[in-house]
Number of protein chains: 2
Amino acid sequence: MFYKVKLYKAKSKTEGLIFMKIRIGIFGYGNLGRGIENAIRQNPDMELVAVFTRRDPATLKIGTPDVTVASANDVADYKDKIDVMILCGGSATDLPVQTPELAKMFTVVDSFDTHAKIPEHFANVDAAAKEGGKVAMISVGWDPGMFSVNRLYAGAVLPEGEDYTFWGKGVSQGHSDAIRRIDGVLDAKQYTIPVESALDAVRSGSAPVLSTREKHTRECFVVAEEGADKARIEKEIKEMPNYFADYDTTVHFITMEELKRDHSGIPHGGFVIRTGKTGANREHNHVIEYNLKLDSNPEFTASVIVAFARAAHRLTAKGETGCKTVFDIPPALLSAKSPEELRKTLL
Amino acid sequence: MFYKVKLYKAKSKTEGLIFMKIRIGIFGYGNLGRGIENAIRQNPDMELVAVFTRRDPATLKIGTPDVTVASANDVADYKDKIDVMILCGGSATDLPVQTPELAKMFTVVDSFDTHAKIPEHFANVDAAAKEGGKVAMISVGWDPGMFSVNRLYAGAVLPEGEDYTFWGKGVSQGHSDAIRRIDGVLDAKQYTIPVESALDAVRSGSAPVLSTREKHTRECFVVAEEGADKARIEKEIKEMPNYFADYDTTVHFITMEELKRDHSGIPHGGFVIRTGKTGANREHNHVIEYNLKLDSNPEFTASVIVAFARAAHRLTAKGETGCKTVFDIPPALLSAKSPEELRKTLL
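Reading the values: the criteria
- Residues numbered from 1 in each chain as written.
- Chains lettered and ligands numbered in written order.
- Predicted model: local features only at pLDDT ≥ 70, side-chain atom pairs only at ≥ 80, totals over all residues.
- Heavy atoms only, no water.
- Contact = heavy atoms within 4.5 Å.
- Buried area = accessible area lost by both parts, 1.4 Å probe.
- Salt bridge = Lys/Arg side-chain N within 4 Å of Asp/Glu carboxyl O.
- Polar contact = N/O pair within 3.5 Å; in protein donor to acceptor, adjacent residues only side chain to side chain.
- Helix = DSSP H or I, 4+ residues; strand = E, 2+ residues; numbered from the N terminus.
- Axes fitted to C-alpha atoms, helices over the stretch in contact; angles between N-to-C directions.
- Parallel < 35°, antiparallel > 145°, perpendicular 65-115°, else oblique.
- Nonpolar A, V, L, I, M, F, W, Y, C, P; charged D, E, K, R; others polar.
- Pairing = 2+ DSSP bridges.

A. Structural view of the interface of chain B and chain A. Taken together, the contact between chain B and chain A spans 65 residues of the former and 65 residues of the latter. Taken over both partners, the interface formed by chain B and chain A buries close to 5800 Å², and the fraction arising from carbon and sulfur atoms is 61%. Scanning the region where chain B abuts chain A turns up 0 salt bridges. For the pair chain B and chain A, the interface holds 27 residue pairs in polar contact (both at pLDDT 80 or more). Elements with a minimum of two residues in the side of chain B that touches chain A: α1 (31-41), α3 (118-132), α4 (146-157), β12 (268-278), β13 (284-294), α10 (297-317) and α11 (339-345) of chain B.

B. Molecular detail of the packing of helix α4 (residues 146-157) of chain A against α4(B). Packing of α4(A) against α4(B) brings their axes to within 13 Å, and their N-to-C directions diverge by 170 degrees. Our classification of the angle between α4(A) and α4(B) gives roughly antiparallel. Note on element contacts: α4(B) touches α4(A) through B:Met146, B:Val149, B:Asn150 and B:Tyr153, opposite A:Met146, A:Val149, A:Asn150 and A:Tyr153. Here the residues of the contact of α4(A) with α4(B) sort into 6 nonpolar, 2 polar and no charged.

C. Structural context of the sheet that holds strand β7 (residues 161-167) of chain A. Strand order in the open sheet formed by 6 strands is β7(A)-β12(A)-β13(A)-β13(B)-β12(B)-β7(B), with antiparallel pairing between adjacent strands. The two strands at the open ends of the sheet, each matched to only one other strand, are β7 of chain A together with β7 (161-167) of chain B. Adjacent strand axes in the sheet meet at a mean angle of 10 degrees when their direction is disregarded. Where strand β12 (residues 268-278) of chain A lies against strand β13 (residues 284-294) of chain A, 11 bridges are found, and the strand directions are antiparallel. For A:Gly270, the partnering residue across the bridge sits in β13(A) and is A:Leu292. Helix-sheet contacts for α4(A) involve β7, β12 and β13 of chain A together with β13 of chain B, and the interaxial angle to β12(A) is about 5 degrees.

Below, the structure written as structure tokens:
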């Protein structure tokens, strides 16, 4: 149910004020969309208004009662009913089209993560968001996202130094998919694992130059078809260019039951470390480290997105327009707390 | 040597443009002031214009040749010659007076770190900075500063969770001073040390409730006068209220030579950790950790301040006024790199 409310500034302290929640729409309902739905429930200043799907809305059951499930085709009807539309599609084909399209109508946030194409995506979304007169945020999550912010802070603070990013231990969807495409493979899960000794070398401040192989290993759990040539599958995995050839890779063949029982989670995480020198003769070493250990990659990504959705809404409300990234957002805008409370409790 | 330059916006791409460095002044020349001086040399878009001292300027030798050393009394003469004045005095008596005073004339940055008095300091500096028509930044460094920013980000991303801050291993100046005031003590150095098992418990996601004693230990290296009653000194240290009584404290008596040889550095660091839950049934744990390992506390603090001085200068140039903290600064403003370059290389 929607009510039309005329907003105006309070003329005196005795005048009545209403508190309006930030009205969120979710565009696309996979793992990330479900994560957004759960995250909204943890933020009392937000409410989920509608979930948009390209499937038949009647067939989609979502986790929140009494929330509209609508067809993606009808999204324009919600122009005045949603404050921030969160896009939960993929970076390969969905977001390059959807984000500019929806940015003309809504304040939007996406998690576009094809690093090499960010400048192009930024330009497209910026033009659309300016046309729409709203703010659009792209590439929000943890990498790109929180890892990027930490690379920026650390680099600004220690201009003479080295950056390192390690990922894992965690499930790489892309690498798991690559294994599944091999003939004779029924299912597979791939873990990216940072090499502990490489992490230690970085933390020592010795600024090591590390090859791809020295930074991460890859561990694969594979369910093969009955009678499949496991030696051939293992060889195909280990020699796959780009995905595995440059890494030390371990392959375990397990049963479907074992895969479901022990490898159904989507954990991830990683480390952003910068080491740098200060002093009259650069005689002092410093190590800045940010690390994440996540039980659920999509739910954590969703939690980051929801915080930045709050910031995007506030910027649009202030009259700003155009594309923004995590680099452009004053941290205070992410929090539901007032600036006074933040200074008093967190500074 | 100063040149008067009339600035105006370029009318076409063929018009000449000049690059102007950010002109920095240092107000107070102790460990932090020297750190600022060194940090400026690591940032090619900045230059040190003058150091201000309450001592006789003729007696102060600074590390950078050809830079003016001026009396603190003459600071008003530099109103148009300095873009950002960095205040390097103490939080107890210097900054509460100096920051509001100088904020009327300059864009300023300080490292005010008396947590309980931040709201009062903010209000005083805000009024002064608005009167001066410039931006003033307070409480910049690592705690308050980078630690605060990380507490804010982590709390916004994981609203249901617990915050933990650990300090060390590092030298606490206040605790070292407290030992030096004991009768029979010639000199002393105190290290604050986080308890490894407490860190591990926090990282496990078990959200432990930790007492003061469980989080940190204190280790003291003391040079006693010849013939002093060491047992009495050790007892006085260990029973000192607020400083040591609530901690497991170790006291080592060493010689002045050993103190100078092994304990002349000012290392510090610490950990900001937030653990929180997500999911439909809060079934997933997440750990966000930020940690610092610093060879020189004042030099790292100075490096943070210099990055935020760049941001303060940019905000004043944009016409903003009033008091800001690290919470109010979009990260991109800290970097000498352009927004395009940041998106391309760090996002």
